[in-house]
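Spelled out from the first residue to the last, the chains are:
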Amino acid sequence: MARLRGKCYCKEKLTSAITKYTELDPALRLELKKIVEALSAAGKGVLAADESVSTLEKKFHEINIENNEQTRRDYRQMLFSTEKLELARYISGVILNHETIHQMTSDGSEFSEFLRQRNIIPGVKVDKGLTYMFGTKDELTTQGLDDLQERCIQYKKDGCHFAKWKCVYHVNDRLPSQLALKANAHVLARYASICQSARLVPIVQSEILNTGDYDINRAGRVHEEMLSILFRSLMEYRVYLEGMILRPAMVMPGKDNPKYCLPKIIAEYTVKALQRTVPCAVPAIMFLGSAQSDKEVTLNLNAINTFEGRKPWVLSFCFGRPLRDAAFRAWSGNFENTKEAQLIFLKNAMEYSLASQGRLETNENENCIRSFGDSAG
């Protein structure tokens, strides 16, 4: 044993900072678990309302209204003020962006408090956007780690209880590269560790983009490799798996691939990829839906939940566009359209809630006929 000035330091090695770091505070573990349990309650999902100003610029241009702080606030208030008791049956949390957290509703309430009063948990997008990764074929990574600790601490004070960060991957015969897979896994693990230290549950969004003509077999292999590398990094960073949520895409062929896959095939490939890679300690997996039509995402989510096999996680939704866009078009910046838009929003939320429980009845062609328990809402 190595000695310094005649003293043995073997005991000090057993009590290193790394060893101590693995012993998470029990109160912190309990708080994170309770937040996850509330977010992943049966039949509930998360609304992603974290669109950037530039994204909303395009949407507002389509309906011929000005994109300013007032109209952005009115749009989000239209969504969040949907009938209080009904909305909370289907939506457990809302991902906000930085601007919305500091905005007030028309009656002077902060949005985070406005949601809390409706039994909906506020969350926040904390990444600072995508950037090209030097040394790759236009692959992407995500910025924002430098001051993340301070921002997470402040967001917790502002009333947020979970966060979202995304990394994305292009797919073809050569991509994603090992460099991109490992670098983004490192970024996501570091993000998750920082969030948990600040008492925020991290939603880990590791997204396979649907651009390209790759088939579902290629998509399945890439998902498995990506998720395997991701969870290795999460373990290396001592991320508390019971206190996080995974947000992947469903396993699907690229949008330019001419072969159509039925929901039962997408469900089979998706569940198989998750079974092979995601530890059962992870409590919830909430899928993206942005690359699919409203009908497709409903049927695919339902098929995943009715697929026979070992599924130790809650399998629900964390949707943006599928939940928001039809209501946004109905609203079109006109206050008189608010009720109509809210009814559309609520109907979509109910459909995805039922799909997350496998309660949609379909025919042989995988078309939705009706939902089980329709009379109960």
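How each quantity is defined
- Residues numbered from 1 in each chain as written.
- Predicted model: local features only at pLDDT ≥ 70, side-chain atom pairs only at ≥ 80, totals over all residues.
- Heavy atoms only, no water.
- Salt bridge = Lys/Arg side-chain N within 4 Å of Asp/Glu carboxyl O.
- Helix = DSSP H or I, 4+ residues; strand = E, 2+ residues; numbered from the N terminus.
- Buried < 20%, exposed > 50% of the residue type's maximum accessible area, 1.4 Å probe, protein only.
- Pairing = 2+ DSSP bridges.
- Right-handed = clockwise from strand over helix to strand, strands pointing away.
- Patch = residues over 30% accessible without salt bridge, like charges linked within 9 Å, V, L, I, M, F, W, Y side chains within 5 Å.
- Areas by Shrake-Rupley, 256 points an atom, 1.4 Å probe, with all protein chains shown as cover.
- Lys, Arg positive; Asp, Glu negative; His and termini not counted.
- Charge placed at Lys NZ, Arg CZ, Asp CG, Glu CD.
- Polar contact = N/O pair within 3.5 Å; in protein donor to acceptor, adjacent residues only side chain to side chain.
- Contact = heavy atoms within 4.5 Å.

Chemist: Would you explain the pattern of salt bridges in this entry?
Modeler: Opposite charge on two side chains allows them to pair when their charged atoms are near. Going through the model one piece at a time under the given rule, you end up with 17 salt bridges. The partner of Arg76 in a salt bridge is Glu51, with the nearest N and O atoms 3.3 Å apart. Placement of the pair is Arg76 in helix α5 (residues 69-80) and Glu51 in the loop between β3 (45-48) and α4 (53-62), with a sequence separation of 25 residues. Taking the relative accessible area as the measure of exposure, Glu51 reaches 5% and is therefore buried. In the salt-bridge network here, residues are joined through shared partners; they are Glu51, Lys59, Arg72, Arg76, Glu99, Arg324 and Asp325.

Chemist: Honestly, the pairing of strand β12 (residues 314-319) in this entry has me stumped. Any pointers?
Modeler: Here is the key point about a regular strand: its side chains alternate between the two faces of the sheet. Counting buried positions along β12 yields 5 of 6 residues, so the element is predominantly enclosed. Bridge count for β3 against β12 is 2 bridges, and the pairing is parallel. For Val46, the partnering residue across the bridge sits in β12 and is Cys318. Summarising the sheet, strand β11 (residues 284-287) and β12 pair through 4 bridges and their orientation is parallel. Following the sheet pairing, Ile285 is matched in β12 by Leu315. Handedness of the crossover joining β11 and β12 through helix α13 (residues 294-306) is recorded here as right-handed.

Chemist: Is there a simple way to think about a negative patch on the surface in this case?
Modeler: A surface patch of like charges, here negative, comprises Asp173, Asp213, Asp215 and Asp256. Considering the arrangement of structural elements, one finds Asp215 in the loop between β9 (201-208) and α11 (216-236). With relative accessibility at 34%, the residue Asp215 sits in the partly exposed group.

Chemist: What exactly am I supposed to notice about the side chain of Asp50 here?
Modeler: Tracing the chain through its elements places Asp50 in the loop between β3 and α4. Separated by 2.8 Å, the side chains of Asp50 and Lys164 make a polar contact. Once you skip the residues sitting within four places of it in the chain, Asp50 turns out to touch Arg76, Ile95, Leu96, Asn97, Lys125 and Lys164.

Chemist: Quick question: what am I supposed to make of the environment of Gly243 here?
Modeler: Structurally, Gly243 can be placed in the loop between α11 and β10 (245-247). Here Gly243 falls in the buried class, since its relative accessible area comes to 0%. Taking the C-alpha atoms as reference, Gly243 lies 6.0 Å from Val201; in sequence the two are 42 residues apart. Among all residues touching Gly243, those that are not within four sequence positions of it are Leu32, Val36, Gln196, Val201 and Pro202.

Chemist: Mind showing me how you'd approach the pairing of β3 here?
Modeler: Bridge count between β3 and strand β4 (residues 91-96): 4 bridges; the pairing is parallel. Following the sheet pairing, Leu47 is matched in β4 by Val94.

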